[in-house]
There are 2 protein chains.
Amino acid sequence: MTPAATAAGTRDLPHPARDDIRLEDVLHALSDPVRLRIVRDLAADSDALFSCSHFDLPVTKSTTTHHFRVLRESGVIRQTYRGTAKMNGLRRDDLDVLFPGLLDALLAAAARQAARVGTG
Amino acid sequence: MTPAATAAGTRDLPHPARDDIRLEDVLHALSDPVRLRIVRDLAADSDALFSCSHFDLPVTKSTTTHHFRVLRESGVIRQTYRGTAKMNGLRRDDLDVLFPGLLDALLAAAARQAARVGTG
DNA sequence: CGGCTCGTACGATAGCCCTCGTAGTACGGC
DNA sequence: GCCGTACTACGAGGGCTATCGTACGAGCCG
């Protein structure tokens, strides 16, 4: 009902401000295998936005919603409605300002482990 | 009672092998403020080994033991007995081989946040 | 309008985790 | 040998979390 939300069915979702993003929350969000995989997939095509249903995760839809919310509330991803779909994208810009090099190091570490163990 | 442990009171503690260290476990270990602080303190004097009681943590001794064990079992620190004291050191060598640049990025991120928020 | 798909909300359950207190073990010094 | 120090083990409690099922709202298409 907010005047800003009147435009083209764009419901807003609560995101933490950049300065409210805490490192512990980011690390906790990424310490779950399902969420780490989501972030890796999002980073693969960094510019593209994927809907929640685009991912093939070994959990139900309810749990998927939960994981995406954890990622959003920790400041790792940005979610915007596009019609009935919810598009997800990394908050790479904000994370790079707050913690330069961290995201790349994390993604590289995840990729390295996936190649080593075969979990990706 | 093992023959190897007979030498000079060196009780052994179970550490994960380098190839058994999992990124998710490392991130989970570091997602706790107390443990993140321990790691930051250990990294400050990277060569030195500190006993558990060296740290001034806002938790009891039992909880401190618990946190050090989580850090050890996740592969972040190495613990060795030295008489009655237990010396702690970062496993920087192993972590750098597994995840190059990750530890430095994490420490830099933690330092940056501490400077920003004043939690350090 | 009717139905379809996408995602949410709510409740429930089970497991994990942080915290602590108390009791106990290992080592060093007197 | 005895005591103090450093740390551990065990058990308990309280809270968070991951997971699910079911029921529901929001937008699109015919």
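Residues numbered from 1 in each chain as written. Chains lettered and ligands numbered in written order. Predicted model: local features only at pLDDT ≥ 70, side-chain atom pairs only at ≥ 80, totals over all residues. Heavy atoms only, no water.

**Thoughts on the pattern of salt bridges**
Taken as a whole and judged by the stated rule, the model has twelve salt bridges over all chains. We note a salt bridge from Asp-93 of chain A to Arg-78 of chain A, for which the minimum N-O separation is 3.5 Å. With a gap of 15 residues between them, Asp-93 of chain A in helix H4 (residues 92-98) and Arg-78 of chain A in strand E2 (residues 77-82) connect regions that are remote in the sequence. One salt bridge connects Asp-104 of chain B with Arg-92 of chain B, and the closest N-O pair in it is separated by 3.0 Å. Separated by twelve residues along the polypeptide, Asp-104 of chain B in helix H5 (residues 102-118) and Arg-92 of chain B in helix H4 (residues 92-98) bring together distant segments of the chain. On the basis of relative accessible area, Asp-104 of chain B is assigned to the partly exposed category, the value being 43%. Look at the salt bridges and you will find they share partners, linking Arg-18, Arg-78, Arg-91, Asp-93 and Asp-94 of chain A into a network. (Salt bridge = Lys/Arg side-chain N within 4 Å of Asp/Glu carboxyl O. Helix = DSSP H or I, 4+ residues; strand = E, 2+ residues; numbered from the N terminus. Buried < 20%, exposed > 50% of the residue type's maximum accessible area, 1.4 Å probe, protein only.)

**Digging into the pairing of strand E3 (residues 85-90) of chain B**
On a regular strand, one side chain projects to one face of the sheet and the next to the other, so that they alternate. Burial within E3 of chain B is extensive, with five of its six residues counted as buried. The turn joining strand E2 (residues 77-82) of chain B and E3 of chain B, which pair antiparallel and follow one another in sequence, is formed by two residues; a positive phi near 70 degrees is taken by Gly-83 of chain B. (Pairing = 2+ DSSP bridges.)

**Digging into the packing of helix H2 (residues 33-44) of chain B against H5 of chain B**
All names here are of chain B. Across the interface, H2 lies against H5 with an axial gap of 11 Å and an inter-helix angle of 105 degrees. Here H2 is positioned roughly perpendicular relative to H5, judged by the angle of their axes. Packed against H2, whose contacting residues are Leu-36, Val-39, Arg-40 and Ala-43, the element H5 presents Leu-107, Ala-110, Ala-111 and Ala-114 at the interface. Tallied by class, residues from the contact of H2 with H5 come to seven nonpolar, no polar and one charged. (Axes fitted to C-alpha atoms, helices over the stretch in contact; angles between N-to-C directions. Parallel < 35°, antiparallel > 145°, perpendicular 65-115°, else oblique. Contact = heavy atoms within 4.5 Å. Nonpolar A, V, L, I, M, F, W, Y, C, P; charged D, E, K, R; others polar.)

**Remarks on the relation of the copies chain A and chain B**
Placing chain A over chain B gives an RMSD of 0.1 Å and needs a rotation angle of 180 degrees, together with 0.0 Å of translation along the axis. What the rotation and shift describe, once combined, is the action of a two-fold rotation axis. Taken together, the interface assignments show that 100% of the residues at the interface of chain A recur at the interface of chain B, consistent with an identical surface on both copies. (Least-squares fit on C-alpha atoms with pLDDT ≥ 70 in both.)

**A closer look at helix H5 (residues 102-118) of chain A**
Its 17 residues give H5 of chain A an end-to-end C-alpha distance of 23 Å, which sits within 8% of 24 Å, the value for a rise of 1.5 Å per residue. Those residues of H5 of chain A not exposed but buried are Leu-102, Leu-103, Ala-105, Leu-106, Leu-107, Ala-109, Ala-110, Gln-113 and Ala-114 of chain A. Looking at the packing, one finds that the buried side of H5 of chain A touches helix H1 (23-30), helix H2 (33-44), strand E3 (85-90) and H4 of chain A together with helix H1 (23-30) and H5 of chain B. (Expected span 1.5 Å × (residues − 1).)

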